[in-house]
Amino acid sequence: MGAKLSVNLNKVALLRNARTIGIPSVVRAAEVCIEAGAHGITVHPRPDERHIRRQDVFDLAEALKAAPEVEFNIEGNPFPEFMELVLKVKPTQCTLVPDSPEAFTSDHGWDLKAEGERLKPIINQLKQEGIRTSLFMETDPEQIGLARTVGADRVELYTEPYAASFARGVRVEETLEAFRHAAEKAQSVWLGVNAGHDLNLQNLGLFCSIPNIMEVSIGHALISDALEMGLANTVRAYLKVLDEAEMEETGASRALAS
Ligand code: PXP
């Protein structure tokens, strides 16, 4: 199995919040993504509810009961209200992100030297409820190693630096190499590797040449593409890129083995 696609629906909620008449529906968007083959749904409820609201999280959890194979991923900084919500909803995965409430978007990974001890009991609590924990991380191998020691199951690599370098066409291989190295470090200590932020139809295939990426969570670009291509077609287009990346990866490892 190649990387799973988890569609982040924040931007659907942002559009919905521009009026008070409930359209577009976040739940309907999730259903369309799932019908088109998405493996997961991601939301990032922020304290100010500027896009996803608490109620969306409950509504999505209810809707996803009809599709138990679909993974529900809730992202956020583990403030008490966030943790209360996550422990009530019990998603498949909780991705912990160190963003401040006023952050425009997530813009850095955890510093586990400074915050690791604080996160340990939080991760433990999630584990006891059967919720997989992923930590949003940059590529520093030492920090990645610490993710294991604080009890995380996975890391989500913060891909903005890769996406920026891809967009500029500057030092792409070098940047990708840092991510490849980070993924190898994570896998060597039995952490699963997810990835997200600013991934899009153009840069996704090359990123997924890194072996064994388990999940990519994509929102902004995917929802923007949907304005042009329609949501279902867009999800299918992203899945095709992931399938092709997997085929290339499988081909490369066969060639290495022969
Ligand atoms: N991962 C995390 C932790 C995020 O905060 C976000 C944005 O909400 C994403 C992935 C998805 O990023 P994008 O919207 O750029 O695809």
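From a predicted model like this one, the values you see are computed outputs, not experimental measurements.

Q: Could you give an account of the overall build of the protein, naming the residues involved and the relevant values?
A: Across its full length, the protein carries eleven helices and eight strands. Taken against the 2.2 N^0.38 rule, which gives 18 Å for 258 residues, the C-alpha radius of gyration of the protein at 18 Å falls within 12% of a compact globule. When the backbone C-alpha atoms are referred to their principal axes, the protein occupies close to 55 × 45 × 35 Å. The burial tally for the protein puts 50% of its 258 residues in the buried class. For the protein, contacts bridging at least 24 residues in sequence account for 66% of all contacts bridging at least 6. Counting every atom, the protein has about 12,200 Å² of accessible surface; 55% of that belongs to carbon and sulfur.

Q: Quick rundown of the site of the ligand? Include the residues and the values.
A: Contacts to the ligand come from 15 residues, most closely from Ser106, Glu156, Asp198, Gly219 and His220. The side chain of His44 places a nitrogen or oxygen atom 3.1 Å from an oxygen atom of the ligand. A distance of 3.1 Å separates a nitrogen atom of the ligand from a polar atom in the side chain of Glu75. Relative to its unbound accessible area of 390 Å², the ligand is 96% covered by the protein chains. Of the residues in the shell around the ligand, the class split is three nonpolar, nine polar and three charged.

Q: Account for helix H4 (residues 80–89), with residues named and values stated.
A: Along H4, the positions that sit buried rather than exposed are Phe82, Met83, Leu85, Val86, Leu87 and Val89. Elements in contact with the buried residues of H4: helix H3 (54–64), strand S3 (71–76), strand S4 (93–96) and helix H5 (112–128). At the C-terminal side of H4, Lys90 shows a positive phi close to 50°.

Q: Please set out the environment of Leu15 residue by residue, giving values where relevant.
A: Inspection of the secondary structure puts Leu15 in helix H1 (residues 10–16). Separated by 204 residues in the primary sequence, Leu15 and Gly219 place their C-alpha atoms 13 Å from one another. Those residues within four positions of Leu15 in sequence are excluded, and the remaining contacts are Ile23 and Pro24.

Q: So what about the pattern of salt bridges? Which residues, and what values?
A: Under the defined criterion, the tally for this structure stands at 18 salt bridges. The salt bridge involving Arg132 is made with Glu71; its shortest N-O contact spans 3.1 Å. Of this pair, Arg132 sits in strand S5 (residues 132–137) while Glu71 sits in strand S3; the two residues are 61 residues apart in sequence, bridging distant segments of the chain. Here Arg132 matches Glu71 in class, with each residue buried.

Q: Give a description of the packing of aromatic side chains that names residues and reports values.
A: Think of a pair of aromatic rings as described by two things: how far the centres are apart, and how the planes are tilted against each other in angle. Applying the stated criterion across every chain, the model contains five aromatic pairs. Between Tyr162 and Phe166, the aromatic rings sit 5.9 Å apart at their centres with planes inclined by 50°, giving tilted as the arrangement. Taken as a pair, Tyr162 and Phe166 lie in helix H7 (residues 160–168) at a separation of four residues, close to a single helical turn. Here the aromatic rings of Tyr162 and Phe207 are separated by 5.1 Å at their centres, their planes lie at 55°, and the arrangement is tilted. Note that Tyr162 is positioned in helix H7 and Phe207 in helix H9 (residues 204–207), a separation of 45 residues in sequence.

Q: How would you summarise the sheet that holds strand S6 (residues 154–158) if you had to cite specific residues and measurements?
A: Pairing within the closed barrel is parallel, and its eight strands lie in the order S1-S2-S3-S4-S5-S6-S7-S8. Each strand of the sheet is rotated relative to its neighbour by a mean of 25°, with strand direction disregarded. The strands touched by H4 within the sheet are S3 and S4, with S3 carrying the most contacts at an inclination of about 170°.

Q: So what's going on with the pairing of S6? Which residues, and what values?
A: Burial analysis of S6 places five of its five residues in the buried class, which makes it a mostly covered element. Residues Arg154, Glu156 and Tyr158 point to one face of S6 and Val155 and Leu157 to the other, with burial holding for every one of them. Bridge count between S5 and S6: four bridges; the pairing is parallel. Each bridged residue has a counterpart across the sheet, and for Phe136 the counterpart in S6 is Glu156. With helix H6 (residues 141–149) bridging S5 and its parallel neighbour S6, the resulting β-α-β unit is right-handed.

Criteria and thresholds
Residues numbered from 1 in each chain as written. Predicted model: local features only at pLDDT ≥ 70, side-chain atom pairs only at ≥ 80, totals over all residues. Heavy atoms only, no water. Helix = DSSP H or I, 4+ residues; strand = E, 2+ residues; numbered from the N terminus. Rg over C-alpha atoms; globule rule 2.2 N^0.38 Å. Buried < 20%, exposed > 50% of the residue type's maximum accessible area, 1.4 Å probe, protein only. Contact = heavy atoms within 4.5 Å. Areas by Shrake-Rupley, 256 points an atom, 1.4 Å probe, with all protein chains shown as cover. Near = heavy atom within 4 Å. Polar contact = N/O pair within 3.5 Å; in protein donor to acceptor, adjacent residues only side chain to side chain. Nonpolar A, V, L, I, M, F, W, Y, C, P; charged D, E, K, R; others polar. Salt bridge = Lys/Arg side-chain N within 4 Å of Asp/Glu carboxyl O. Phe/Tyr/Trp six-rings, centres within 6.5 Å; stacked < 30°, edge-to-face > 60°. Pairing = 2+ DSSP bridges. Axes fitted to C-alpha atoms, helices over the stretch in contact; angles between N-to-C directions. Right-handed = clockwise from strand over helix to strand, strands pointing away.

Keep in mind these numbers describe shape, not what the thing actually does.
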